[in-house]
Amino acid sequence: FDMNMFFQSLLSKLMKEYLEGFTIRDEYTLHELFAYTPGFNPQKRHPPKPRSDFAVMKGNKVICLLDAKYRDLWETKLPREMLYQLSIYAVSGIGNSTAKIMYPSMSPAAKLQKIDIKNPATGIKHAEVMLQPVSLPLVAKLIGFSGKENSKVQEYIKQIVFSG
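Rules and cut-offs
Residues numbered from 1 in each chain as written. Predicted model: local features only at pLDDT ≥ 70, side-chain atom pairs only at ≥ 80, totals over all residues. Heavy atoms only, no water. Helix = DSSP H or I, 4+ residues; strand = E, 2+ residues; numbered from the N terminus. Buried < 20%, exposed > 50% of the residue type's maximum accessible area, 1.4 Å probe, protein only. Contact = heavy atoms within 4.5 Å. Lys, Arg positive; Asp, Glu negative; His and termini not counted. Charge placed at Lys NZ, Arg CZ, Asp CG, Glu CD. Axes fitted to C-alpha atoms, helices over the stretch in contact; angles between N-to-C directions. Parallel < 35°, antiparallel > 145°, perpendicular 65-115°, else oblique. Nonpolar A, V, L, I, M, F, W, Y, C, P; charged D, E, K, R; others polar. Phe/Tyr/Trp six-rings, centres within 6.5 Å; stacked < 30°, edge-to-face > 60°. Lys NZ or Arg CZ within 6 Å of the ring centre and 35° of its normal.

## Focus on the overall build of the chain
Next, step 1: Counting secondary structure elements, the chain contains four helices and six strands.
Next, step 2: Helices and strands in the chain line up, N terminus first, as α-β-β-β-α-β-β-β-α-α.
Next, step 3: A principal-axis box enclosing the C-alpha atoms of the chain has dimensions of 60 × 35 × 30 Å.
Next, step 4: For the chain, with 164 residues in total, the buried portion stands at 37%.
Next, step 5: A separation threshold of at least 6 residues defines the contact pool for the chain, and within that pool the share at least 24 residues apart is 64%.
Next, step 6: Taking the 22 positively charged and 15 negatively charged side chains of the chain as two groups, their mean positions are separated by 4 Å.

## Considerations on the packing of helix α3 (residues 136-143) against helix α4 (residues 150-162)
Next, step 1: For the pair α3 and α4, the least separation of the axes is 8 Å and the interaxial angle reads 150°. The orientation of α3 relative to α4 falls into the category roughly antiparallel. Each of Leu-138, Val-139, Leu-142 and Ile-143 in α3 lies in contact with α4, whose residues at this interface are Lys-152, Val-153 and Tyr-156.
Next, step 2: Taken together, the residues of the contact of α3 with α4 break down into six nonpolar, no polar and one charged.

## Considering the packing of aromatic side chains
Next, step 1: Counted by the stated rule, this structure contains two aromatic pairs.
Next, step 2: Considering the side-chain rings of Phe-22 and Phe-162, the 4.9 Å spacing of their centres and the 45° angle between planes classify their relative orientation as tilted. You can see Phe-22 sitting in the loop between α1 (3-18) and β1 (23-29) and its partner Phe-162 sitting in helix α4, a full 140 residues away along the chain.
Next, step 3: What makes Phe-22 partly exposed here is its relative accessible area of 23%.
Next, step 4: One cation-aromatic arrangement involves Lys-58 over Phe-22; the distance from NZ or CZ to the ring centre is 4.6 Å.

Functional significance is not addressed by these values, which are geometric in nature.
This is the structure we're talking about:
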(Lines give C-alpha, C1' and ligand atoms only; values in the text may rest on other atoms or scores of the structure.)
Protein backbone atom coordinates (compact mmCIF):
# COMPACT_ATOMS: atom_id res chain seq x y z
CA PHE A 1 0.00 0.00 0.00
CA ASP A 2 1.43 3.37 -1.04
CA MET A 3 0.82 5.77 1.87
CA ASN A 4 2.33 8.67 -0.07
CA MET A 5 -0.24 8.21 -2.85
CA PHE A 6 -3.03 7.81 -0.28
CA PHE A 7 -2.05 11.06 1.47
CA GLN A 8 -1.77 12.88 -1.85
CA SER A 9 -5.22 11.63 -2.87
CA LEU A 10 -6.69 12.67 0.49
CA LEU A 11 -5.30 16.20 0.13
CA SER A 12 -6.52 16.43 -3.47
CA LYS A 13 -10.04 15.42 -2.45
CA LEU A 14 -10.11 17.81 0.52
CA MET A 15 -8.85 20.77 -1.52
CA LYS A 16 -11.19 20.10 -4.44
CA GLU A 17 -14.16 19.75 -2.11
CA TYR A 18 -13.46 22.58 0.34
CA LEU A 19 -11.46 25.30 -1.47
CA GLU A 20 -14.33 27.18 -3.02
CA GLY A 21 -13.45 29.55 -5.83
CA PHE A 22 -10.21 27.74 -6.68
CA THR A 23 -9.32 24.94 -9.05
CA ILE A 24 -6.86 22.23 -8.02
CA ARG A 25 -4.77 20.72 -10.79
CA ASP A 26 -3.14 17.43 -9.83
CA GLU A 27 0.32 16.51 -11.12
CA TYR A 28 0.98 20.00 -12.50
CA THR A 29 3.86 19.89 -15.00
CA LEU A 30 6.23 22.84 -15.23
CA HIS A 31 6.70 22.84 -19.00
CA GLU A 32 9.69 24.65 -20.49
CA LEU A 33 11.44 25.08 -17.12
CA PHE A 34 14.45 23.14 -18.39
CA ALA A 35 15.74 23.04 -21.96
CA TYR A 36 18.88 21.63 -23.47
CA THR A 37 21.14 24.34 -24.90
CA PRO A 38 20.87 24.31 -28.70
CA GLY A 39 23.74 22.36 -30.18
CA PHE A 40 24.51 20.63 -26.84
CA ASN A 41 22.05 17.74 -26.83
CA PRO A 42 23.88 15.18 -28.97
CA GLN A 43 21.67 12.33 -27.75
CA LYS A 44 18.46 14.24 -28.55
CA ARG A 45 17.05 13.74 -25.07
CA HIS A 46 13.89 15.40 -23.86
CA PRO A 47 14.51 17.92 -21.08
CA PRO A 48 13.25 17.10 -17.57
CA LYS A 49 9.77 18.36 -16.74
CA PRO A 50 9.33 18.80 -12.99
CA ARG A 51 5.83 18.08 -11.73
CA SER A 52 4.36 19.36 -8.50
CA ASP A 53 1.61 17.32 -6.88
CA PHE A 54 -0.80 20.27 -7.00
CA ALA A 55 -1.28 23.69 -8.50
CA VAL A 56 -3.89 25.88 -6.83
CA MET A 57 -5.45 28.07 -9.51
CA LYS A 58 -7.75 31.07 -9.62
CA GLY A 59 -9.10 31.17 -13.15
CA ASN A 60 -6.12 30.45 -15.42
CA LYS A 61 -3.54 31.80 -12.95
CA VAL A 62 -1.47 29.53 -10.72
CA ILE A 63 -1.60 30.90 -7.17
CA CYS A 64 0.74 28.39 -5.55
CA LEU A 65 2.46 25.03 -6.03
CA LEU A 66 2.10 22.30 -3.42
CA ASP A 67 3.62 18.89 -2.86
CA ALA A 68 2.40 16.11 -0.58
CA LYS A 69 4.93 14.02 1.31
CA TYR A 70 3.94 11.20 3.61
CA ARG A 71 6.75 11.88 6.07
CA ASP A 72 6.35 13.75 9.32
CA LEU A 73 8.74 16.64 8.78
CA TRP A 74 8.11 17.87 12.30
CA GLU A 75 9.57 14.69 13.78
CA THR A 76 12.20 14.03 11.08
CA LYS A 77 14.66 16.19 9.15
CA LEU A 78 13.81 17.56 5.75
CA PRO A 79 15.80 15.51 3.23
CA ARG A 80 17.84 17.70 0.92
CA GLU A 81 16.26 16.04 -2.14
CA MET A 82 12.85 17.31 -1.00
CA LEU A 83 14.29 20.77 -0.36
CA TYR A 84 15.89 20.87 -3.80
CA GLN A 85 12.69 19.68 -5.48
CA LEU A 86 10.56 22.33 -3.76
CA SER A 87 13.21 24.99 -4.37
CA ILE A 88 12.89 24.41 -8.11
CA TYR A 89 9.12 24.92 -7.85
CA ALA A 90 9.56 28.08 -5.76
CA VAL A 91 12.05 29.75 -8.14
CA SER A 92 10.23 28.64 -11.31
CA GLY A 93 8.34 31.91 -11.64
CA ILE A 94 5.05 30.02 -11.50
CA GLY A 95 2.78 31.11 -8.68
CA ASN A 96 3.97 33.32 -5.84
CA SER A 97 7.69 32.41 -5.49
CA THR A 98 6.83 29.86 -2.83
CA ALA A 99 6.35 26.14 -2.76
CA LYS A 100 4.84 24.22 0.10
CA ILE A 101 5.30 20.65 1.28
CA MET A 102 2.19 19.41 3.04
CA TYR A 103 2.92 16.51 5.38
CA PRO A 104 0.89 14.53 7.92
CA SER A 105 1.57 15.00 11.60
CA MET A 106 0.11 13.58 14.77
CA SER A 107 1.88 16.15 16.95
CA PRO A 108 -0.26 19.00 18.28
CA ALA A 109 2.98 21.05 18.52
CA ALA A 110 3.67 20.87 14.75
CA LYS A 111 3.73 24.32 13.14
CA LEU A 112 4.47 25.87 9.77
CA GLN A 113 8.20 26.12 9.02
CA LYS A 114 9.78 28.33 6.33
CA ILE A 115 13.11 28.18 4.53
CA ASP A 116 14.22 31.27 2.60
CA ILE A 117 16.02 30.81 -0.70
CA LYS A 118 18.55 33.64 -0.89
CA ASN A 119 21.17 34.97 -3.24
CA PRO A 120 24.36 33.90 -1.43
CA ALA A 121 26.27 36.98 -2.63
CA THR A 122 23.71 39.58 -1.58
CA GLY A 123 21.58 37.81 1.01
CA ILE A 124 18.45 38.96 -0.82
CA LYS A 125 15.53 36.53 -0.61
CA HIS A 126 14.34 35.11 -3.95
CA ALA A 127 11.74 32.60 -2.84
CA GLU A 128 10.73 30.34 0.02
CA VAL A 129 9.90 26.75 0.77
CA MET A 130 7.29 26.07 3.43
CA LEU A 131 6.75 22.91 5.44
CA GLN A 132 3.06 22.70 6.38
CA PRO A 133 1.87 20.08 8.85
CA VAL A 134 -1.57 18.59 8.27
CA SER A 135 -3.06 17.43 11.55
CA LEU A 136 -4.53 14.02 10.81
CA PRO A 137 -6.47 13.87 14.11
CA LEU A 138 -8.01 17.27 13.35
CA VAL A 139 -8.88 16.32 9.75
CA ALA A 140 -10.56 13.12 11.01
CA LYS A 141 -12.50 15.11 13.61
CA LEU A 142 -13.55 17.84 11.17
CA ILE A 143 -14.72 15.58 8.37
CA GLY A 144 -16.73 13.64 10.94
CA PHE A 145 -18.96 16.71 11.36
CA SER A 146 -21.89 17.38 9.07
CA GLY A 147 -24.00 20.30 7.97
CA LYS A 148 -22.84 23.78 8.92
CA GLU A 149 -19.75 22.34 10.59
CA ASN A 150 -18.33 21.90 7.07
CA SER A 151 -17.31 25.55 7.37
CA LYS A 152 -14.70 24.40 9.91
CA VAL A 153 -13.26 21.96 7.37
CA GLN A 154 -13.19 24.77 4.78
CA GLU A 155 -11.40 27.08 7.22
CA TYR A 156 -8.78 24.46 8.06
CA ILE A 157 -8.10 23.52 4.43
CA LYS A 158 -7.85 27.20 3.48
CA GLN A 159 -5.47 27.77 6.39
CA ILE A 160 -3.09 24.93 5.52
CA VAL A 161 -3.04 25.81 1.81
CA PHE A 162 -2.69 29.59 2.08
CA SER A 163 -1.00 30.22 5.43
CA GLY A 164 2.45 31.59 5.28
